[in-house]
Amino acid sequence: MIGARIVFEDYVENSDKCTALTPDTDAYGYYLVDTSSGLNLRDYPSTSNGNVILCMPSKHTFRAYGLVDETGDWLLGETNIKGKIYAGFANKNFLIKKGENIK
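So, a few notes on the structure that sits alongside this text.

Focus: the pattern of salt bridges
Tallied over the full model, the rule gives two salt bridges. We note a salt bridge from aspartate 34 to lysine 59, for which the minimum N-O separation is 3.8 Å. Here lysine 59 lies in the loop between strand E4 (52-56) and strand E5 (61-68) and aspartate 34 lies in the loop between strand E2 (29-33) and strand E3 (39-42), a separation of 25 residues in the sequence. Looking at aspartate 34, the relative accessible area reads 24%, which means it is partly exposed. The closest approach of N and O atoms between arginine 63 and glutamate 78, which form a salt bridge, is 3.3 Å. Linking arginine 63 in strand E5 with glutamate 78 in strand E6 (residues 74-81), this pair joins segments that are 15 residues apart in sequence. Relative accessible area serves as the criterion here: at 22%, arginine 63 is assigned to the partly exposed category.

The rules behind these values
Residues numbered from 1 in each chain as written. Predicted model: local features only at pLDDT ≥ 70, side-chain atom pairs only at ≥ 80, totals over all residues. Heavy atoms only, no water. Salt bridge = Lys/Arg side-chain N within 4 Å of Asp/Glu carboxyl O. Helix = DSSP H or I, 4+ residues; strand = E, 2+ residues; numbered from the N terminus. Buried < 20%, exposed > 50% of the residue type's maximum accessible area, 1.4 Å probe, protein only.

Below, the structure written as structure tokens:
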């Protein structure tokens, strides 16, 4: 289960390990992993509190849903590994949006 909910109210019951997400149309789209060691897809937008779902290999495609956490650094989206779709959070600092200065 992904640790996020889209929050439209100030109060949320049972909000342990969930985060408010903000729509960001600029964040929507396809990205490539831009690190030689791969990028962890996590169940929560944090390196210290988010469990690793899997490691996306370098140059692998990640599709962002256009929702970001409160820091703006974590994108909620999905990736396809061997025909199976995995959803979670990826840190945008290690992604390059397709069509933008891809190395």
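Having put the structure on the table, let's press on.
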